[in-house]
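Chains, contacts and geometry: an overview
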Amino acid sequence: MIDMTKEDYWTGDTAEDISEYLRLYSENENIDVKSVVCHSCGNDCFELMVDQNEDAIQVRCTQCTTKKILLDCEEVWEDAKPKLKKCPICKKSKSYNVKVGFTRRENGSVKWVYIGNRCTECGTLGSYLDWKIDYESTYELEGNI
């Protein structure tokens, strides 16, 4: 359950709270939310390397250290200058649960992408990235999480 009583931030008890956070953040009840899970070991906790200028994200599994560049970010990764994200609230954790939210056009293709995250230490919910998709087809993008 999301706790919205904090003045500057919201917290969640579990990774599932990211879905509700993304619905509120995107102001879209119909956002299609998918969990990010390590394809090697099944873990759902990651360190995040993010370039907010290039809209690029790479996750690194905290259990097996497998890295994955998400969505269509590989196209810009070479030009990116990603930084390891540390929780801005507890100031110590670099471990996050991650979900990807997709808003869609009438034809079903992805119109906008939202990256939702939850600090595994203090539960702070947030979104380091969101960006518009201006191309079709988006099947490859959606499959790369």
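Right above here is the structure, for reference.
Notes on the structure in this doc start here. On a predicted model such as this, the values are computed, not experimentally measured, just so you know. (Residues numbered from 1 in each chain as written. Predicted model: local features only at pLDDT ≥ 70, side-chain atom pairs only at ≥ 80, totals over all residues. Heavy atoms only, no water.)

Observations regarding the state of the cysteines
Here the structure, examined in full by the defined rule, presents 0 disulfides. Free cysteine: Cys64, not disulfide-bonded; nearest cysteine sulfur from Cys38 at 3.6 Å. Between Cys90, a cysteine without a disulfide, and Cys87, which holds the nearest cysteine sulfur, the sulfur-to-sulfur distance is 3.8 Å. (Disulfide = S-S within 2.5 Å.)

Examining the packing of aromatic side chains
In this structure the tally under the stated criterion is 5 aromatic pairs. A ring pair is formed by Tyr96 and Tyr128, whose centres lie 5.8 Å apart and whose planes are at 85°; its orientation type is edge-to-face. In this pair, Tyr96 is assigned in strand 8 (residues 96–104) and Tyr128 in strand 10 (residues 125–132), connecting sequence segments 32 residues apart. Assessed through its relative accessible area of 1%, Tyr96 is described here as buried. Taking the relative accessible area as the measure of exposure, Tyr128 reaches 17% and is therefore buried. Seen in terms of ring centroids, Trp112 and Tyr114 are 6.4 Å apart; in terms of plane orientation they differ by 35°. Their pairing is tilted. Cluster of aromatic residues (ring-pair linked, three or more members): Trp10, Tyr21, Tyr25, Trp112 and Tyr114. (Phe/Tyr/Trp six-rings, centres within 6.5 Å; stacked < 30°, edge-to-face > 60°. Helix = DSSP H or I, 4+ residues; strand = E, 2+ residues; numbered from the N terminus. Buried < 20%, exposed > 50% of the residue type's maximum accessible area, 1.4 Å probe, protein only.)

What about helix 1 (residues 17–26)?
For helix 1, the complete set of buried residues consists of Asp17, Ile18, Ser19, Tyr21, Leu22 and Ser26. For helix 1, the elements touching its buried residues are strand 1 (2–3), strand 2 (11–12), strand 3 (32–35), strand 8, strand 9 (110–119) and strand 10. (Contact = heavy atoms within 4.5 Å.)

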